[in-house]
Amino acid sequence: MPRTFFALPVSRPALRAGAVRPLRPARIWAWAGAGAVLGGLLATLLFAPARWLAAATARATQGRVLLQETQGTLWQGSARLVLAAGQDGRGAPALPSRVEWRLRPRLTGAQLELQSDCCTTTPLLMQVQAGVSETHVSLADNTVQLPSALLTGLGTPWNTLQLQGVLQAQTHGLSLWLGLDRVNFQGRVEARLQQASTRLSTLNPVGSYLVELSGNDASNSSANTASLTLSSQPGSSLLLQGKGFLTGGRWHFSGDARADPAAASALDNLLNIIGRREGERSVITMG
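So, here's what we can say about the structure. (Residues numbered from 1 in each chain as written. Predicted model: local features only at pLDDT ≥ 70, side-chain atom pairs only at ≥ 80, totals over all residues. Heavy atoms only, no water.)

### Brief notes about the overall build of the chain
Then step 1. Counting secondary structure elements, the chain contains 4 helices and 15 strands.
Then step 2. A buried classification covers 36% of the 287 residues belonging to the chain.
Then step 3. In the chain, once contacts between residues fewer than 6 apart in sequence are set aside, the share between residues at least 24 apart is 42%.
Then step 4. Surface accessibility of the chain: about 17,800 Å² in total, with carbon and sulfur atoms responsible for 58%. (Helix = DSSP H or I, 4+ residues; strand = E, 2+ residues; numbered from the N terminus. Buried < 20%, exposed > 50% of the residue type's maximum accessible area, 1.4 Å probe, protein only. Contact = heavy atoms within 4.5 Å. Areas by Shrake-Rupley, 256 points an atom, 1.4 Å probe, with all protein chains shown as cover.)

### What about the state of the cysteines?
Then step 1. Overall, the coordinates contain 1 disulfide when judged by the stated rule.
Then step 2. Disulfide pairing is shown between C118 and C119; the S-S distance is 2.3 Å. Linking C118 and C119, the disulfide has an S-S dihedral of approximately -80° and is accordingly described as left-handed.
Then step 3. Judged by relative accessible area, C118 falls into the partly exposed class, the value being 32%.
Then step 4. By relative accessible area, which is 7% here, C119 ends up buried. (Disulfide = S-S within 2.5 Å.)

This is how it looks when you write it as structure tokens:
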């Protein structure tokens, strides 16, 4: 008996097992477009201009620390550093040498390395964590030496005094929380101004001074987040003392200045200018 073979109808060629279905042209262009966008974003991030860091610094410090004439990228670059009381720092002095930085991403933020030929012997290392409402910056203990003329950019009374001398600052466990409307501070900073002189007196030097900043409880936004004490060092002719505190992102300070009796005549004009004269002393208030 002859054998009968039956064949099932096939509407299109059967694909072999494991064969890859070819992409439609529309899908090819979609994947190509997505790759181009992703590549463009990656290139933008890798070669982000240094001015991005300058803008972030000005915003976080409310315009008090400015990076001008930026060069390089967000990740490695340099700029002129200016302390400013105003928004643009026009006319404020800058560090004698440029500040150089290296920014390295980390799982929880970034590590920032700063150095400047004039002022650092070892790089300053900062751990930066940017949040939605504030930025947390922790600084490894270090010592920097700054030109005292840099202070004139902060406005009154520094621009009036125009102090000259050796300014050295040491940090101890320093952390900052920088928000849109407040600055919180923990740790300690010791700033020493040695052999200070001023254009307001013919006496040179007028003395040496110590400013100590101590941070308080940064978890309480309504508390005073830092305190400041000013004291004169032995051998000073101009005797300064005072206390201050930081609250709501603003400094408040009250103190006074007196003259050593042996230098009273040489410092009389200076005492009239730096504060409100009350007898032999001059009262100094800020904020």
